Amino acid sequence: MWWLSALGGLAALAPGVLGPSQALAVLERIAPVLVFLVAVTVIAGLADAAKVFEVAAREAAHLGRGRTWRLWLLVVALATGLTIVLSLDTCAVLLTPVVLAMARQLDIPPKLFAFTTVWLAGTASLLLPVSNLTNLLALHQFDRLGLGLRDYLGLSWRPAVAAIVITVAVLAVLFRRDLRRTYVVPATPELDDKVLFWGSAAVCLALGPAFVTGIDVAWPASAGALVLIVLFAVRRRRELTWSLLPWRLVVTVVGLFLVVGAFTAHGLEGVLSQVAGTSPEGLAAQLRLTSTAALGANAVDNLPAYLAMEPVAAADATRMMLLLIGVNCGCLLTLWGSLATLLWRDRCRAAGIHISWWSFLWRGLILTPLVLTGAVLAVNLG
């Protein structure tokens, strides 16, 4: 997908499509987001090398005490916390292979944990700005409206809780037979380097409070990445490779932003305004906006869908939150609905687990309407 985004971005820069000043404005806007994305990916990669996530998953297996439903609830908590603090991409990329390997070792059907990670990577990514790149972009619009992080959290926490609770309930119903299983508790993995482990764990834990201080999230993420790079340079230099840098993801994001910027410059906003509606009042109007955003995310990926629809919702904070609900929580019908879903499917393939488009779609058709409706209703409780 990254090369398609690259070609699209180059096409958007062609004469008469997107002017140099417009392209520069797009790049200036996404620069802090890209810095955050690179930094948090480096942190996640080094934390994984230090076995932070593996130990966390194994400790969950111990705490589950041989009962699959207990273990699953702990994985739910781990996936939710990881998504909220370190973004949905981190959950999809790093937690997925860990829990799939754990399921294989414990002889538990892996789809239970596979869908838990990918669904919560989407539906738990609403609470904090750092949980999803779309949220970071929306925070910029909140600033333009004279609102800050506290205002964002005041709008996001109710639909975020609703989305998570509904997701867990649907998973429990769909996989109720698997949840009745038992397993033999595995041994705790040995640590190669306790200094790296505890240092990486401390950085990951510190990011949560740092991200809600109101400081531009690129700063604490960059500081955490720098700390771990120095620590690994001293303790285990071989882990510091260029593969830590998510260059394909960066190319994809830049290309998508330029393409959507070009379409927006040529009248896309007017078309979407007619489809999504312009009224912020009434449940039907709110569901219309959220559903339009969700359909866009499943059609072309949630990032370009957000960018395309942002002008439609930018004048009102509530409409911005409804847009985020659609692109974050509603992108779970197609395997290309988000970058995290694409990365998750690659991890499933690497683990020898095949998830067909139909298997993903029919489950998503059960979850998505419930999550979207519940989250929109929760917005109105405020």
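Now for a look at the structure at hand. Only a predicted model underlies this, so the values are computations on that prediction, with no experimental measurement involved. (Residues numbered from 1 in each chain as written. Predicted model: local features only at pLDDT ≥ 70, side-chain atom pairs only at ≥ 80, totals over all residues. Heavy atoms only, no water.)

## Remarks on the packing of aromatic side chains
- With the rule as written, the count across this model stands at eight aromatic pairs.
- Plain terms: the ring middles of F115 and W119 are 5.6 Å apart, the flat faces sit at 75° to each other, and that makes the pair edge-to-face. Separated by four residues within a single helix, F115 and W119 lie in helix α6 (residues 111–123), roughly one turn from each other. Of the two residues examined, F115 and W119, each falls in the buried class.
- Joined through ring pairs, the aromatic side chains of F115, W119, F175, W344 and F360 make up one cluster. (Phe/Tyr/Trp six-rings, centres within 6.5 Å; stacked < 30°, edge-to-face > 60°. Helix = DSSP H or I, 4+ residues; strand = E, 2+ residues; numbered from the N terminus. Buried < 20%, exposed > 50% of the residue type's maximum accessible area, 1.4 Å probe, protein only.)

## Some words on the layout of surface pockets
- Taken as a whole, the largest pocket spans an internal volume of roughly 870 Å³.
- If you go around the largest pocket, you meet 34 residues; those closest to its centre are V93, P246, L249, L343 and R347.
- Mapped by element, the contributors of at least two residues to the lining of the largest pocket are α2 (20–49), α5 (88–106), α12 (247–265) and α17 (339–350).
- Across the lining of the largest pocket, the residue classes break down as 19 nonpolar, seven polar and eight charged. (1 Å grid on protein atoms, 1.4 Å probe; cavity = no way out; pocket = protein on both sides within 12 Å on 5 of 7 lines; lining within 4 Å. Points joined across faces, edges and corners; volume = space filled by probe spheres on them. Nonpolar A, V, L, I, M, F, W, Y, C, P; charged D, E, K, R; others polar.)

## What to know about the nonpolar core
- In this structure, F36, L71, F113, Y306 and W344 are the most contacted members of the largest nonpolar core, which totals 130 residues.
- Here this core takes 14 residues from α2, the largest share from any one element.
- Residues within four places of W344 in sequence aside, it is in contact with A92, T96, A114, F115, T117, V118, L335, I355 and F360. (Core = buried A, V, L, I, M, F, W, Y, C linked by side-chain atoms within 4.5 Å. Contact = heavy atoms within 4.5 Å.)

## Considering the pattern of salt bridges
- If you walk through the whole model with that rule in mind, you get four salt bridges.
- In this structure, D192 engages K51 in a salt bridge whose closest nitrogen and oxygen atoms are separated by 3.6 Å. Of the two residues, D192 is situated in the loop between α9 (176–179) and α10 (194–211) and K51 in the loop between α2 and α3 (52–64); the sequence distance between them amounts to 141 residues.
- Its relative accessible area of 61% is what places D192 among the exposed residues. (Salt bridge = Lys/Arg side-chain N within 4 Å of Asp/Glu carboxyl O.)

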